[in-house]
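Topology and contacts: notes
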Amino acid sequence: MAEPVITIGRHIIEQERRYPEATGAFSDILLDIAIAAKIISREINRAGLVDIVGSAGKLNVHGEDVRKLDEFADEVIFNALDHSGNLCVMASEEVEDPIPIPEKFPCGNYALLHDPLDGSSNIEANVSLGTIFSIHRKISKGERGGTEDLLQPGHRQVAAGYVVYGSSTMLVYTTGAGVHGFTLEPSIGEFLLSHPSMKIPDPGKKIYSVNEAYYKRWSLGQQKAVDELKDDGFSLRYIGSLVADFHRTLLYGGVFMYPADSTNPRGKLRLLYEAAPLAMVIGEAGGASSDGHGSILEIEPQELHQRTPLYLGNRHLIERAEAAIKADG
Ligand code: AHM
Ligand code: MG
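Residues numbered from 1 in each chain as written. Chains lettered and ligands numbered in written order. Predicted model: local features only at pLDDT ≥ 70, side-chain atom pairs only at ≥ 80, totals over all residues. Heavy atoms only, no water.

A look at the domain arrangement of the protein chain
Quite often, the size of an interface is put as the accessible area lost when its parts meet. Partitioning the protein chain into structural domains gives domain 1 (8–195) and domain 2 (207–327). Contacts between the two partners involve 47 residues from domain 1 and, on the opposite side, 32 residues from domain 2. Taken over both partners, the interface formed by domain 1 and domain 2 buries close to 2,800 Å², and the fraction arising from carbon and sulfur atoms is 66%. Broken down by secondary-structure element, the contributors of at least two residues to the side of domain 1 that touches domain 2 are strand 3 (87–92), strand 5 (110–118), strand 6 (129–137), strand 7 (159–165) and strand 8 (169–174). In terms of residue class, the side of domain 1 that touches domain 2 is built from 22 nonpolar, 19 polar and six charged. (Domains from an automatic or database assignment. Contact = heavy atoms within 4.5 Å. Buried area = accessible area lost by both parts, 1.4 Å probe. Helix = DSSP H or I, 4+ residues; strand = E, 2+ residues; numbered from the N terminus. Nonpolar A, V, L, I, M, F, W, Y, C, P; charged D, E, K, R; others polar.)

Some thoughts on the coordination of the magnesium ion (ligand 2)
Within the protein, Glu-93 (OE), Asp-115 (OD), Asp-118 (OD) and Glu-274 (OE) serve as the donor atoms for the magnesium ion (ligand 2), at 2.0 to 2.4 Å. All donors of the magnesium ion (ligand 2) belong to a single chain; written as a sequence motif, their spacing is E-x21-D-x2-D-x155-E. One end of the pair, Asp-115, is in strand 5; the other, Glu-274, is in helix 7 (residues 271–284), and 159 residues separate them in sequence. A relative accessible area of 0% places Glu-274 in the buried class. (Donors = N, O, S within 2.8 Å, 3.2 Å for Na, K, Ca; no water. Buried < 20%, exposed > 50% of the residue type's maximum accessible area, 1.4 Å probe, protein only.)

Some remarks on the sheet that holds strand 13 (residues 255–258)
Ordered in space as 12-11-13-15-14, the five strands form an open sheet in which the pairing is mixed. The sheet is open, and its two edges are formed by strand 12 (235–236) and strand 14 (288–290), each paired on a single side. Strand direction decides the pairing type here: strand 13 and strand 15 (residues 310–313), joined by four bridges, are antiparallel. Bridge pairing links Met-257 to Tyr-311 in strand 15. The strands that helix 5 (residues 220–231) touches are strand 11 (207–209), strand 13 and strand 15; relative to strand 13, the one it contacts most, it runs at about 155°. (Pairing = 2+ DSSP bridges. Axes fitted to C-alpha atoms, helices over the stretch in contact; angles between N-to-C directions.)

Some points on the site of ligand 1
Lining the immediate surroundings of ligand 1 are 16 residues, of which Asp-118, Tyr-214, Tyr-238, Leu-242 and Tyr-258 lie closest. Separating an oxygen atom of ligand 1 from a backbone N or O atom of Leu-242 is a distance of 2.6 Å. Contact between ligand 1 and Lys-268: an oxygen atom at 2.8 Å from a side-chain N or O atom of the residue. Relative to its free-state accessible area of 470 Å², ligand 1 is covered by the protein chains to the extent of 85%. Split by residue class, the shell around ligand 1 holds five nonpolar, five polar and six charged. Residue assignment places the shell around ligand 1 across two domains, with domain 1 (8–195) and domain 2 (207–327) each supplying three or more. (Near = heavy atom within 4 Å. Polar contact = N/O pair within 3.5 Å; in protein donor to acceptor, adjacent residues only side chain to side chain. Areas by Shrake-Rupley, 256 points an atom, 1.4 Å probe, with all protein chains shown as cover.)

Listed below in structure tokens is the structure:
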């Protein structure tokens, strides 16, 4: 007899059955994200074939070059999730303000934040890219959602995850009941469970991941944190595409760092679209997150596009980095 395959749809429904009070709305959101991921994956795979690669000639809200595929991914996610009545508001790294649900559609009980296509400066080099997502419960009183629903600390996330568009496309998510990874089987167009109950290996491989070209811009404490890892025989791996660097860290162990530096005193990566969702995933997988001083999940966000220094990986390595930063600034 053929082995039963577990599709992402089946997995999400089975998780939902554990909560008799669940309405199914939450499952629908995850399934809609999976559909958007398949569409984005297909376009990324064809990027070398069609004239979609290249700069769209505008700057995004962070002043960075927006690539056409970023815009495409942003639209795909909006179109997949605007009409279902499950969300009350959305926010995207590519868009300055909260994205309301169109008036013609009903509003639901959840807010979605996402980075539609991270690492897009690597598109032309065929390097892995990613989508990152974070889901919060609606807390505002009005019928339609708003900023209040989006500016919630990471520990209140009800689900988070990412899609990595690599040599295969994988979707990894958590709802607080373990971290589960699915690989897209292109011939049937389904995400199949390939990595159930993921845990960061501990002790993992001795790998640190950081843009070390910025060494001279770092604080003494950050320099010391990396010097110590080198003295300890660690290897350096840095792709420069967050989801790819994070995915490797989750699978192999080690530590990913995007620290504060003299040019970017608050770091580069965004708290709500990048740091908090990956912090939830690594925490659920037995690892830890930090901004150099404390858990990413405890930070109370002040603004939608807030940046944060970011450390993700094995708990003891995060603690070591925090100790070096604390001792030497
Ligand atoms: P992006 O949102 O413009 O794609 O930038 C985010 C990327 C991350 O994927 C990666 O971790 C980081 O920027 C790399 O930055 P740097 O080139 O400074 O090392
Ligand atoms: Mg990004």
